[in-house]
Amino acid sequence: MSSEAIAFTTVGQDTRPISERLHDWIVTVDHKKLGILYILYGLVFLVLGGIEATIMRIQLIVPHNHFVSPQVFNRMFTMHGTTMIFFVVMPLLFGFGTYLIPLMIGARDMAFPRLNAFSFWMTAFGGVLLYFSFIGGYGLYGAGNAPDVGWFAYAPLTARAFSPGHSTDFWTLALLISGIGSIGTAVNFITTILSMRCPGMTLGKMPLLAWLNLIMGGMVILALSPLTAAQIMLSIDRYLGGHFFDTQAGGSAVLWMHFFWIFGHPEVYILVVPAFAFVSEIIPVFSRKPIFGYPIMVAATICIGFISFSVWAHHMFTVGMSSYGNTFFTVTSMIIAVPTGIKIFNWLGTMWGGKIQFKAPMLFCVGFLFQFLIAGLTGIMLATSPFDWQLGNSYFVVAHFHYVIVGAILFTIFGAFYYWFPKMSGRMYSEALAKWHFWLFFIGFHLTFDFMHIPGILGMPRRIYTYEPGRGWEIWNLIVTIGVLFQIFGVLAFLGNPLWSFWKGELGGNDPWDAWTLEWSTTSPPPDYDFAVTPVVRSRRPLWDRKHPDDPDWKYE
Amino acid sequence: MSSEALTPSSSGPEWVLPSRGRVGMFSLIAAESAVFTIFVVAYIFYLGKSVSGPTPKDVLELPIFATICLLSSSLTIHLAVRSLRQARVGAFGLWWFVTMALGTIFLVGTGREWRHLIYNKGLTVSTNLFGTTYYSLVGLHAFHVTVGLLLIALALIFTLLGKVKPEHSERAEVFSLYWHFVDVVWVVVFTVVYIIGR
C-alpha cells in the first residue's frame, strides 16, 4: 500500500540543444536550479580554497622551507579563510536551503524567486571579484595582487599607507557584494518559511530543517549587516580619506575588531545552525525513529541565536579589555555551550534504541557528533580568558576553529550531499566510493587537525610563513601536512561520485531512504512545479502518516 | 487510499499565512536597522574624539524645516495608501505626489546644509573624525531617502499612466513601511547628531 503511493516516476529527457539548456540555467528563477547552482559554485571554490590550504601546508612541512615567498603565504591564508567562509560554506548551506525549504514546506517556490536569483548572482559575482584580484589587483602601484591582510583584516593594516594598490579593495568589495546577496537570501528564507507553508503545516509541525534555517535567516540579517556597514566605513577610509579606523586622526583600530567580530562570531553559528539542520533530518531517518525532543531542539536553537550575539569579544581577550569585559564574554561564551550540549543529547537520544543504518550520510553525521563535541570542548577552553591569553593566535586556535568548520560543518555538508543527491539528480551515488570518501577524509581530518593542537600548545603562532628548527614543532607540522594528502584523496573520491553516478548510478526512485518529509513525496528530480497537488499535512512526519494510515503520527502529537 | 493525508480537503479552518510583502519588508527593515545601528554607534563612540576642529557645536544648525517636511511625509503616504485602499486613485496620486515633494524638500535641505558645511565651514569627510562620521551617517540616511524617492517617482509615473489600481494597495502599503522606517531613522539621527552630539 505504501510503496504504491510513492510511485517510481521519472521526468522526461530534455532533448533541446545544450546552448538552450545552459541559457535556462543562467536566467532561471527556479529554487531547485538556483540551489544546485549554489552548490556547484561552492564546490568550485572548495577546490580553490583547498589548493590554497595545500600550498600553505607544503610551505610549513619542514622548517626554513622556500616553497612560496612570505608575501605569497600571506595572500594564501587570507584568500583561504575568506574563500572557505564566504564562498564555500555559505553558498553550500544556502544552496541546500534554497533547494530544500520550498520542497519541505510544500511550496511551489521561494517567496521571491527573482530576489533568489539576484542573491545568487551577487554572491557569485563577489567570489569572481575576489579571485579577479590575482590578475587585476596590481592597480597603479605595482604593490601586491591578491588581498594579504588576513580574513579579519585588522586595522590599521588595511589603511592606504600599509595596503597600497587595490588588493584590499577587492576583499572589501567582494565581501560587501556577497553580503548583500546573503541578506537577500536571508530575507527570502524567512519570508518563504513564514508565508509559504502548505495547509496544516503550523510552525510546530515544520521540519527542523525549516525551523533552523528560519533562525539562521534571522541571524544573517542581524550579523551580516554590521559587516556590510564596516566594509562601507573601510571604503570611506580608503577612498574618501575618512578616519574611522585611522589611529593617527583619533580613530580606533579596536572599533574595527568589535564591528568585525560582532559579525564574525554569529557567523560561526550562522554556519553551524544549518549544519545542525542537516543532522536533525538525517539522524532520525537512519535511526528509524522520530527526532527526540523536537520542541527542545527549536528552543535550544533560538537560545543559541540570541546568545551568539553576546559572545563576540572572546575573539579579543588578547587585545586587553577591562576585567568586566573579559568576565562578561567568558561567561556568555560558556553559557552558549549549554543549549549546544542539549542538542547533542537530543541527537544521541534519537539514535538510542534505533535501528541504525550506517549509510554514508549517517556516517558523516556520527563523525560530526564526536568532532563537534571536541570542537566545543576546546571552545570552552579558549573561552576561559586566562587560557586564551596563553594560546590566543596560536595554532591551537586554528585547530579549534577548523574542528568546528571542517569537523562539524563540512562533515554534515558531505552527509547532506549524499542524503539529498538521489533527490536532486534522480540517481543513486556509489556507496562504496562514498565510504572511501568518508574514511579517507576522516583519517586525513584527524591527522591534520588533532595534531595541529600540539604545536599551538608548544607556542607556534598562526600565520607564520616558516619557523626555526629545534622547537619541537617539526614532527607535528609534518604529520599535519601528511593528513592533508588523505583529505585531498577524500575530496577526489567525493568529486568523483557524481561523475560515477552520472554514468553508472541506478535510478533512486522518489524515496530511496524511506524518509518522512515532503520532499520525498515528489519525483526525483522534482518537476518545475514541485508538487502537482498542494499537500496538506497533519503531523511533523507527513510521509509516515501516508505510509502508515493505520498508525499516523497526528494521533499522538 | 493512502494519499489521503497529502491531498487538500475542503473541510477544516481556512489556512491564512502572513503576507509575503510585509514579512519581506520587515526583514529588510531589520537588516537596515542593524546597518544604521553600527553607524550610530560609530558616531556616538567618536563624539569629541576629533583631534582638530571644527566641532559639531561650531558648525551644525538644527534642520527644523527639513525635518518637519520629512516627518509629515509619513502622514501623507499613509493618507495615499488609505485612499488607494478605498479605490480613490485620484486622491492617491495627489497624496503620493505630496509625499514625493516633501521628501525632495528634505533632500534639498540636506544638500544645502552640506554645501554650507563644505564651502563656508570647510568640513569634509577627511577633515576630522566628526566630518567622517557625520557625512557617513547623514549620507547613509540621505541615500535611503533617495532610493525611496526614486521608487515613489516610479509609482507616480505608473499612476499618471493609469496603471495603478486599488488591488495594488498592498504593494503601496509595503513600500510605505520602508518610508516610515526612513522617517524613524531620521528621528534617531536627528537626536544623535543635532541634539546629543551638539
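Residues numbered from 1 in each chain as written. Chains lettered and ligands numbered in written order. Predicted model: local features only at pLDDT ≥ 70, side-chain atom pairs only at ≥ 80, totals over all residues. Heavy atoms only, no water.

### Digging into the overall build of chain B
Our working rule: Labels follow the DSSP assignment, with helices taken as runs of H or I lasting at least four residues and strands as runs of E lasting at least two, numbered in each case from the N terminus. Our radius of gyration looks at C-alpha atoms and nothing else; its globule reference is 2.2 Å times the residue count to the power 0.38. Exposure classes here rest on a 1.4 Å probe applied to the protein chains alone. A residue is buried below 20% of its type maximum, exposed above 50%, and partly exposed in between. Every residue pair with non-hydrogen atoms within 4.5 Å of one another is taken to be in contact. The method behind every accessible area is Shrake-Rupley, applied with a 1.4 Å probe, and residues are considered shielded solely by the protein chains displayed. Only four residue types enter the charge count: Lys and Arg as positive, Asp and Glu as negative, with His and the chain ends excluded. Working definition for charges: the position is that of NZ of Lys, CZ of Arg, CG of Asp or CD of Glu.
In terms of helices and strands, chain B carries six helices and zero strands. Ordered by position from N to C terminus, the α and β elements of chain B give α-α-α-α-α-α. Its C-alpha atoms give chain B a radius of gyration of 22 Å, more than 25% over the compact-globule value 16 Å for 198 residues. In chain B, which comprises 198 residues, the share counted as buried stands at 46%. Counting contacts in chain B only where the partners sit at least 6 residues apart, residues at least 24 apart contribute 83% of the total. For chain B, the computed accessible surface area is about 9800 Å², with 67% contributed by carbon and sulfur atoms. Averaged over its 14 positive side-chain charges, chain B has a centre that lies 9 Å from the centre of its 10 negative ones.

### Comments concerning the overall build of chain A
The helix and strand inventory of chain A stands at 17 helices and zero strands. Against the compact-globule benchmark of 24 Å for 557 residues, chain A has a radius of gyration of 24 Å, which places it among compact chains. Counting only C-alpha atoms, chain A reaches 75 × 50 × 45 Å along its principal axes. Every one of the 557 residues in chain A was classed for burial, and the buried ones make up 60%.

### Here we look at the side chain of Glu52 of chain A
All names here are of chain A. Counted only if it meets this: In what follows, salt bridge is the name for a side-chain nitrogen of Lys or Arg lying within 4 Å of a carboxyl oxygen of Asp or Glu.
Along the polypeptide, Glu52 turns up in helix H3 (residues 31-59). No salt bridge is formed by the buried Glu52; its nearest oppositely charged neighbour, Arg75, is found at 11 Å. Not counting residues within four places of it along the chain, the set of residues in contact with Glu52 comprises Met76, Met79, His80, Thr83, Tyr131 and Phe134.

### So, the packing of aromatic side chains
The relation between two aromatic rings is expressed through the spacing of the ring centres and the mutual angle of the planes. Residue and element names in this part refer to chain A. Operational definition: Geometry of aromatic contacts follows a simple scheme: Phe, Tyr and Trp rings, the Trp one being its six-membered ring, pair when their centres are within 6.5 Å, and the pair is stacked under 30 degrees between planes, edge-to-face over 60, tilted otherwise.
A complete count under the given rule lists 80 aromatic pairs over all chains for this structure. When the ring of Phe276 is compared with that of Phe372, the centres are 5.3 Å apart and the planes differ by 75°; the resulting orientation is edge-to-face. Of this pair, Phe276 sits in helix H8 (residues 253-287) while Phe372 is found in helix H12 (residues 360-383), placing the two residues 96 residues apart along the sequence. Each member of the pair, Phe276 as well as Phe372, carries the same accessibility label: buried. Measuring from centroid to centroid gives 5.1 Å for Trp312 and Phe329, while their planes differ by 65°, and the two rings are edge-to-face. Of this pair, Trp312 sits in the loop between helix H9 (294-307) and helix H10 (323-335) while Phe329 sits in helix H10, and the two are 17 residues apart along the sequence.

### Some words on the nonpolar core
Convention followed: Put simply, a nonpolar core is a bunch of buried Ala, Val, Leu, Ile, Met, Phe, Trp, Tyr and Cys residues held in one set by side-chain atoms that sit within 4.5 Å of each other.
Of all hydrophobic cores here, the largest spans 225 residues; its most connected members are Phe96, Trp347 and Trp420 of chain A together with Trp96 and Tyr134 of chain B. In this structure, Trp420 of chain A is in contact with Phe96, Leu100, Met104, Leu209, Phe278, Glu281, Glu519 and Trp520 of chain A, ignoring residues within four places of it in sequence.

### Some thoughts on the side chain of His243 of chain A
Among the structural elements, His243 of chain A can be located in the loop between helix H7 (208-240) and H8. If sequence neighbours within four positions are ignored, His243 of chain A has contacts with Asp237, Ala249 and Gly251 of chain A together with Val125, Ser126, Thr127, Asn128, Leu129 and Thr132 of chain B.

### Describing the interface of chain B and chain A
We count it as follows: Counted as a polar contact is a pair of N or O atoms within 3.5 Å, where, for protein atoms, one must be capable of donating a hydrogen and the other of accepting one, and residues adjacent in sequence contribute only when both atoms are in side chains. Note on residue classes: Ala, Val, Leu, Ile, Met, Phe, Trp, Tyr, Cys and Pro are nonpolar, Asp, Glu, Lys and Arg are charged, and everything else, Gly too, is polar.
Counting from both sides, the interface comprises 36 residues of chain B and, opposite them, 49 residues of chain A. Taken together, the links from chain B to chain A amount to zero salt bridges. Applying the counting criterion to the chain B and chain A interface returns nine residue pairs in polar contact (both at pLDDT 80 or more). Elements with a minimum of two residues in the side of chain B that touches chain A: helix H1 (20-45) and helix H5 (129-160) of chain B. Considering every element that reaches the side of chain B that touches chain A, the biggest residue donor is H1 of chain B, with 14 residues. Residues of the side of chain B that touches chain A, tallied by class, amount to 21 nonpolar, 13 polar and two charged.

### A look at the packing of H8 of chain A against helix H14 (residues 395-425) of chain A
Residue and element names in this part refer to chain A. Stated formally: Inter-axis angles, ranging from 0 to 180 degrees, are taken between N-to-C directions of lines fitted to C-alpha atoms, where helices are fitted over the stretch in contact. Here is the rule for angles: anything less than 35 degrees is roughly parallel, anything more than 145 is roughly antiparallel, 65 through 115 is roughly perpendicular, and the remaining ranges are oblique. Crossings are sorted by hand: turned counterclockwise from the far helix by less than a right angle, the near helix makes the crossing left-handed, and turned clockwise it makes it right-handed.
For the pair H8 and H14, the least separation of the axes is 9 Å and the interaxial angle reads 45°. Judged by the angle between their axes, H8 and H14 are oblique. Regarding H8 and H14, the two cross each other, and that crossing is left-handed. Where H8 approaches H14, its residues Val268, Leu271, Val272, Ala275, Phe278, Val279, Glu281, Ile282, Val285 and Phe286 are matched on the opposing element by Val404, Ile409, Thr412, Ile413, Gly415, Ala416, Tyr419 and Trp420.

### A look at the confidence of the model for chain B
Detailed conclusions should not be drawn from predicted coordinates in areas where pLDDT is low. So the rule is basically this: The score called pLDDT rates the predictor's confidence residue by residue, from a low of 0 to a high of 100.
Predicted confidence across chain B gives a mean pLDDT of 92, with 94% of residues reaching 70 or more. For residues 1-5 of chain B, every residue scores under 50 in pLDDT, and the model assigns this stretch seven contacts once sequence neighbours within four places are set aside.

### Some details on unusual backbone geometry
For the bond from Ala155 of chain A to Pro156 of chain A, the omega torsion is 0°, close enough to zero to count as cis. Within the element layout of this structure, Pro156 of chain A appears in the loop between helix H5 (113-136) and helix H6 (167-195). Pro54 of chain B follows Gly53 of chain B through a cis peptide bond whose omega is -5°. The topology assignment puts Pro54 of chain B in the loop between H1 and helix H2 (56-59). We note that Arg288 of chain A has phi near 55°; this positive angle belongs to a residue other than glycine. Its location among the elements puts Arg288 of chain A in the loop between H8 and H9.

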